[in-house]
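Given next are the chains, with one letter for each unit.
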Amino acid sequence: MEKLAVKYLGLTLKSPLIVSSSRLTSTLGYLKEAEDCGAGAVVLKSLFEEQINHHISTLHSSPGYPEADDYISNYIKSHSVDEYITLIKKAKEILSIPVIPSINCYSSEGWTGFAKNIADAGADALEINVFFMPLDRKKSSINAEKIYFDLIEKLKKTVKIPIAIKIGFRFSNILNMIDQFYMRKVEGVVMFNRFYEPDIDINKIDIVPASIFSNESERRFIIRWIAMASAQDIKIDISASTGVHSGADAIRYILAGAHSVQVCSVLYDKGIPFLKKMNRQIEEWMDKNGFGTISDFRGKLNWHNYKKPVVFERTQFMKYFSSID
Ligand SMILES: Cc1cc2nc3c(=O)[nH]c(=O)nc-3n(C[C@H](O)[C@H](O)[C@H](O)COP(=O)(O)O)c2cc1C
């Protein structure tokens, strides 16, 4: 598997395929299966900021976690932070691939010091999934962006392990955000998170959750930004996430410039052993095209390396739409 080896967050991965944070990375059984089926690393199911803050408040015997609604309170009670730390320690004992815990948060208030416990448990890196929704029209984008920067600055003072920020793609200027992460010494960016979205059922006349699982067509939102971000002259690793349903999809993201590729929905559909097939598909494609290593083709089609970078830009839009009547 030497041939598929990549570097991500300073870690050596035997394959670019990472099982992304979900229930499929929540037990030792699933984690071991992921390693046995050829995953290069695993990102553990996220711990929530609310869980950590509740844990901290009980340690200081202050009363509960008053902001939490009923669902969150119940979730907190049934998923303990101590169990998460135990999962990291045990995963490190039984796995040889990197173990990357994940925290889902919306602020930097209270919980960031806890990242040290995660690092002390043996985590190889930390992924931070920022799920902040700007619902206050009086607050500018600068306020929203500051949440990310405060968070990173606090975490960087707390832990030495590499940090990856998992972001959504709805920023006014994604490339500037990534540059700001880089200037704060963040090692990686996960492009992109797939947030929960509401949908409307017209029969029930009600709000229902949109599909929690992705499909391949979602790739179209992502390739441009990976191709643009990977072409910048900054050293920040990119992990592609969303819409990877085959080895071919992984190859596409690597050609656009990703250092690693995260996989989730397709493994719910086809099972964790599908990773073996994906690795095989990547290897076969490499053989067919004469690539000996992943770095031989990583970024080959990014904004900098592609012969006509204009395909990522506005003129392409004009050309494309004006050619269809
Ligand atoms: C059932 C389920 C649970 C998930 N749980 C988490 C989570 O705890 N933390 C997280 O960062 N992402 C979570 N995700 C998002 C995935 O890690 C991934 O980013 C997203 O599904 C897009 O990748 P995909 O197209 O391969 O599914 C979850 C996704 C699914 C489908």
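This text goes with the structure placed above it.
Chemist: So what exactly am I meant to see when it comes to the packing of helix α9 (residues 247-256) against helix α11 (residues 274-289) here?
Modeler: Helix packing for two helices is described by the angle between their axes and how far apart those axes are. α11 packs onto α9 with a crossing angle of 60° between their chain directions and a minimal axis gap of 8 Å. Considering the angle they form, α9 stands oblique to α11. When you trace α9 past α11, the crossing you get is right-handed. Facing Gly247, Ala248, Ala250, Ile251 and Leu255 of α9, the residues of α11 in contact are Met278, Gln281, Ile282 and Trp285. Taken together, the residues of the contact of α9 with α11 sort by class into seven nonpolar, two polar and no charged.

Chemist: How do you make sense of the site of the ligand when you look at a structure like this?
Modeler: In the region of the ligand, 18 residues are neighbours, and Ser21, Ser46, Asn129, Ser214 and Ser265 sit closest. Contact between the ligand and Lys45: an oxygen atom at 3.2 Å from a side-chain N or O atom of the residue. Ser214 has a polar side-chain atom sitting 2.5 Å from an oxygen atom of the ligand. Contact with the protein chains hides 91% of the accessible area of the ligand, taken as 610 Å² for the molecule alone. Sorting the residues of the shell around the ligand by element identifies β4 (41-48) and α10 (265-270) as the ones contributing at least two each. For the shell around the ligand, the per-class residue count stands at five nonpolar, ten polar and three charged.

Chemist: Can you help me understand the sheet that holds strand β11 (residues 237-240) in this one?
Modeler: Backbone-to-backbone hydrogen bonds pair the strands of a sheet. The strands run either parallel or antiparallel. Around the barrel, which closes on itself, the eight strands sit in the order β3-β4-β5-β6-β7-β8-β11-β12 with parallel pairing between neighbours. Going from strand to strand, the sheet's axes swing by 30° on average, the running direction of each strand aside. Pairing analysis gives four bridges linking strand β7 (residues 163-167) to strand β8 (residues 188-191), with the strands arranged parallel. Pairing of Ile167 across the sheet is with Met191, part of β8. Those strands touched by helix α2 (residues 49-59) are β4 and β5 (99-105), and its axis lies near 60° from that of β4.

Chemist: Can you help me understand helix α4 (residues 81-94) in this one?
Modeler: An α-helical segment advances 3.6 residues per turn. Residues three or four places apart therefore align on the same side. Here α4 spans 20 Å end to end across 14 residues, near enough to the 20 Å set by a 1.5 Å rise per residue. Of all the positions in α4, only Val81, Tyr84, Ile85, Leu87, Ile88 and Ala91 are classed as buried. One face of α4 carries all of its buried residues, which in axial projection span an arc of 155°. Along α4, exposed side chains directed more than 90 degrees from the buried face belong to Glu83 and Glu93. Lining the buried residues of α4 we find α1 (28-36), β4, α2, β5 and α5 (115-120).

Chemist: What should I look at first to understand the pairing of strand β12 (residues 260-263) in this one?
Modeler: For a regular strand, side-chain orientation follows a simple rule: the groups alternate between the two sheet faces. Of the two faces of β12, the one carrying Ser260 and Gln262 and the one carrying Val261 and Val263 are both buried. Summarising the sheet, strand β3 (residues 17-19) and β12 pair through three bridges and their orientation is parallel. Paired with Ile18 across the bridge in β12 is Gln262. Assessed by its sense of winding, the connection that carries the chain from β11 through α9 to β12 is right-handed.

Chemist: In this structure, what is going on with a nonpolar patch on the surface? I would like to understand it.
Modeler: Taken together, Tyr196, Ile200, Ile202 and Ile207 make up a surface patch of nonpolar side chains, about 480 Å² in accessible area. Considering the arrangement of structural elements, one finds Ile202 in the loop between β9 (198-201) and β10 (206-209).

Chemist: When you look at the pattern of salt bridges in this model, what are you seeing that I'm missing?
Modeler: Proximity of charged atoms lets side chains of opposite charge pair with each other. Counting across every chain of the model gives twelve salt bridges. The closest approach of N and O atoms between Lys92 and Asp124, which form a salt bridge, is 2.9 Å. Note that Lys92 is positioned in helix α4 and Asp124 in the loop between α5 and β6 (126-130), a separation of 32 residues in sequence. Using a relative accessible area of 19% as the deciding quantity, one classes Asp124 as buried. Among the charged side chains, a salt-bridge network with shared partners connects Lys32, Glu35 and Asp36.

How each quantity is defined
Residues numbered from 1 in each chain as written. Predicted model: local features only at pLDDT ≥ 70, side-chain atom pairs only at ≥ 80, totals over all residues. Heavy atoms only, no water. Axes fitted to C-alpha atoms, helices over the stretch in contact; angles between N-to-C directions. Helix = DSSP H or I, 4+ residues; strand = E, 2+ residues; numbered from the N terminus. Parallel < 35°, antiparallel > 145°, perpendicular 65-115°, else oblique. Left-handed = near helix turned anticlockwise from the far one by under 90°. Contact = heavy atoms within 4.5 Å. Nonpolar A, V, L, I, M, F, W, Y, C, P; charged D, E, K, R; others polar. Near = heavy atom within 4 Å. Polar contact = N/O pair within 3.5 Å; in protein donor to acceptor, adjacent residues only side chain to side chain. Areas by Shrake-Rupley, 256 points an atom, 1.4 Å probe, with all protein chains shown as cover. Pairing = 2+ DSSP bridges. Expected span 1.5 Å × (residues − 1). Buried < 20%, exposed > 50% of the residue type's maximum accessible area, 1.4 Å probe, protein only. Arc of directions from axis to C-beta. Right-handed = clockwise from strand over helix to strand, strands pointing away. Patch = residues over 30% accessible without salt bridge, like charges linked within 9 Å, V, L, I, M, F, W, Y side chains within 5 Å. Salt bridge = Lys/Arg side-chain N within 4 Å of Asp/Glu carboxyl O.

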